[in-house]
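Each chain, letter by letter, is given below.
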Amino acid sequence: MGWTTVNIPSQSGRLAVVTGATGGLGYETALALATAGAEVVLAGRNDSKGARALARLRAVHPDASARFELLDLASLASVTAFAEKMLAAGQGIDLLVNNAGVMAPPKRQLTVDGFELQFATNYLGHFALTARLLPLLRSIPGSRVVNVSSLAADLNSLDLVDLQSERSYVPFRTYGTTKLALLMFALELQRRSESSGWRIEGMAAHPGWAGTDIIGNGPASCGWQATLWRIAKPVLLRFSRSAGPAALPILLAATSPDARGGRYYGPTGLRELNGPPGMAKVPARALDGSDATRLWETSERLGGVRFA
Ligand SMILES: NC(=O)c1ccc[n+]([C@@H]2O[C@H](COP(=O)([O-])OP(=O)(O)OC[C@H]3O[C@@H](n4cnc5c(N)ncnc54)[C@H](OP(=O)(O)O)[C@@H]3O)[C@@H](O)[C@H]2O)c1
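Residues numbered from 1 in each chain as written. Predicted model: local features only at pLDDT ≥ 70, side-chain atom pairs only at ≥ 80, totals over all residues.

Colleague: Sorry, what's going on with the overall build of the protein here?
Modeller: The helix and strand tally for the protein stands at 10 helices and eight strands. For a compact globule of 308 residues, the expected C-alpha radius of gyration is about 19 Å, and the protein comes in at 18 Å, within 12% of that figure. In terms of its C-alpha atoms, the protein occupies a principal-axis envelope of roughly 50 × 40 × 35 Å. Relative to its full complement of 308 residues, the protein shows a buried share of 52%. (Helix = DSSP H or I, 4+ residues; strand = E, 2+ residues; numbered from the N terminus. Rg over C-alpha atoms; globule rule 2.2 N^0.38 Å. Buried ≥ 20, exposed ≤ 12 C-beta atoms within 10 Å, placed from the backbone.)

This is the structure we're talking about:
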């Protein structure tokens, strides 16, 4: 039998921050970490969803050490406010799971900061968050940052001169760009951590395909796509996994003593859509070190942060 939640070592005494933990994979990740004894911060943009997620978690584990904190990844001011609250509390962070995401809304949308929504939420917000939390991550030797990527990273669609999809917005290609960027960010974080002695492990994971809210909130959020999704949903979801098993690659990356920085984890079944968690195939473009450097420098500029 493959790696499952029973293989998670005790997380007692460890602080984990999971973004987008109000539902889907993020919630399942937070639940498994809390079950293993971690103190978990469920970070999300919606207070009432946060309260509901906490109530669900406490219904399973009344003694869980978990709390909800407001964090809207699509707003750099919200990212700063969240990080400042964490820094003021001063508790070292053992694990940051950069999970929150939106997928392929049919129309190009802008955030309050003027960035394309998917780029800002999935990638830039997490980049800025990680930079701002760096002192707390660095205070725990061996702390981990797990970026949740996707098979869509394999579209190799990163366009470094059009990161905002201004020239052309093809919803799923833009999604693939953000997921490739997250993977490259994880690998570059590992390289920079090694060369600068930060003692942080940067790694990535993808879930394969999970039947969460991501389609209804994204590509099928409006118009004819919503109608089509209502019709096709029962059939398509039969081929997906539920969020619990799909979160296993994230949990393996986050907790396994055998997991290492610089690696990419995912399901090991057919086309990495499902199956037991293990090593995933890294798309060729993600290994381009000079692109990763350019992306990093651009992200520091756009996000108004420095990792130094
Ligand atoms: N499901 C899959 O098959 C699949 C495959 C590959 C990768 N992934 C990745 O897995 C991650 C989790 O997705 P999921 O499938 O669990 O989808 P989901 O059920 O839609 O959950 C997404 C989570 O992200 C949160 N979120 C969205 N925008 C946010 C923002 N601006 N600030 C803070 N939180 C925000 C959502 O909060 P609200 O509830 O407030 O919207 C929700 O908690 C995503 O990064 C996704 O790209 C999923």
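Colleague: How do you make sense of the sheet that holds strand β1 (residues 15-19) when you look at a structure like this?
Modeller: By definition, the strands of a sheet pair up through backbone hydrogen bonds, in either a parallel or an antiparallel sense. One open sheet holds the eight strands; their spatial order is β3-β2-β1-β4-β5-β6-β7-β8, and the pairing between them is mixed. Two strands in the sheet have a free side with no partner beyond their single neighbour: β3 (66-70) and β8 (277-279). Each strand of the sheet is rotated relative to its neighbour by a mean of 25 degrees, with strand direction disregarded. When strand β6 (residues 200-205) meets strand β7 (residues 264-267), the two strands line up parallel, connected through two bridges. (Pairing = 2+ DSSP bridges. Axes fitted to C-alpha atoms, helices over the stretch in contact; angles between N-to-C directions.)

Colleague: Would you explain the packing of helix α3 (residues 76-89) against helix α4 (residues 117-138) in this entry?
Modeller: Closest axis-to-axis distance for the α3/α4 pair is 9 Å, and the angle between their directions is 20 degrees. With respect to their mutual orientation, α3 and α4 come out roughly parallel. As for how α3 packs across α4, the hand of that crossing is right-handed. Across the interface between the two elements, L76, V79, T80, A83, M86 and L87 from α3 touch G125, A128, L129, R132, L133, P135 and L136 from α4. (Parallel < 35°, antiparallel > 145°, perpendicular 65-115°, else oblique. Left-handed = near helix turned anticlockwise from the far one by under 90°. Contact = placed C-beta atoms within 7 Å.)

Colleague: Can you walk me through the nonpolar core in this structure?
Modeller: One recurring pattern in soluble globular proteins is that nonpolar side chains are buried together. Grouped together as the largest cluster of nonpolar side chains are 97 residues, with contacts concentrated most on A30, V40, L42, V146, L183 and I250. For this core, the element with the highest residue contribution is α4, accounting for 12 residues. Excluding residues within four positions of it along the chain, V40 makes contact with A16, V18, A30, L33, A34, S65 and A66. (Core = buried A, V, L, I, M, F, W, Y, C linked by C-beta atoms within 7 Å.)

Colleague: Would you mind going over helix α1 (residues 24-35) with me for this structure?
Modeller: Since there are 3.6 residues in each turn of an α-helix, residues three or four apart along the chain are aligned in direction. For α1, spanning 12 residues, the distance from its first C-alpha to its last is 17 Å, which sits close to the expected 16 Å at 1.5 Å a residue. Of the positions making up α1, those classed as buried are G24, L25, G26, Y27, E28, T29, A30, L31, A32, L33 and A34. Positive backbone phi, approximately 105 degrees, marks G37, located one or two places after α1. (Expected span 1.5 Å × (residues − 1).)

Colleague: Can you walk me through the pairing of β6 in this structure?
Modeller: Each regular strand shows side chains that alternate between the opposite faces of the sheet. Burial analysis of β6 places six of its six residues in the buried class, which makes it a mostly covered element. Two elements, strand β5 (residues 143-148) and β6, share six bridges in a ladder whose sense is parallel. Note that in β6 the partner of N147 across the bridge is A204. For the crossover from β5 across helix α5 (residues 171-196) to β6, the handedness is right-handed. (Right-handed = clockwise from strand over helix to strand, strands pointing away.)

Colleague: Which parts of the structure should I look at to understand the environment of D291?
Modeller: Considering the arrangement of structural elements, one finds D291 in helix α10 (residues 289-303). For the pair formed by D291 and D72, sequence separation is 219 residues and the distance between their alpha carbons is 27 Å. For D291, the contacting residues outside a window of four places in its chain are L158, L160 and M184.

Colleague: Would you take a moment to explain the packing of α4 against α5 for this structure?
Modeller: The axes of two packed helices give the description: the angle between them and the distance between them. Contact pair α4 / α5: the axes reach a minimum separation of 8 Å and the direction vectors enclose 10 degrees. Comparing their axes, α5 and α4 come out roughly parallel. In this structure, α4 contributes Q118, F119, N122, Y123, H126 and F127 to the contact, and α5 contributes T174, Y175, T178, K179, A181, L182 and F185. Residues that form the contact of α4 with α5 fall into these classes: seven nonpolar, five polar and one charged. (Nonpolar A, V, L, I, M, F, W, Y, C, P; charged D, E, K, R; others polar.)

Colleague: I keep staring at the site of the ligand and nothing clicks. Help me out?
Modeller: In the vicinity of the ligand lie 32 residues, with G20, G24, G101, S150 and T212 positioned nearest. Listed by contribution, the elements that provide at least two residues to the shell around the ligand are α1, α4 and α6 (214-217). In terms of residues, the shell around the ligand owes the most to one element, α1, which gives three residues. (Near = placed C-beta within 6 Å.)

Colleague: Please clarify how α3 should be interpreted in this entry.
Modeller: Counted at 1.5 Å a residue, the expected span for α3 with its 14 residues is 20 Å, and the 20 Å between its end C-alpha atoms agrees. Listed as buried for α3 are L76, V79, F82, A83 and M86. Projected down its long axis, α3 shows its buried positions confined to an angular sector of 125 degrees, all on one face. Projecting away from the buried face of α3 at angles above 90 degrees are the exposed residues A77, E84, A88 and A89. The inward-facing, buried residues of α3 abut β2 (39-44), β3, α4 and α10. In the segment just after α3, G90 is the residue with positive phi, at about 75 degrees. (Arc of directions from axis to C-beta.)

Colleague: Before we go on, may I ask you to explain unusual backbone geometry in this structure?
Modeller: Excluding glycine, a negative phi dihedral is what most residues carry, and trans is how most peptide bonds are arranged. One non-glycine residue, A104, lies in positive phi territory at about 45 degrees. As for its placement among the helices and strands, A104 is situated in the loop between β4 (95-98) and α4. Residue A104 is classed as buried on the basis of its C-beta count, with 21 C-beta atoms lying within 10 Å. One non-glycine residue, S165, lies in positive phi territory at about 55 degrees. On the secondary structure map, S165 appears in the loop between β5 and α5.

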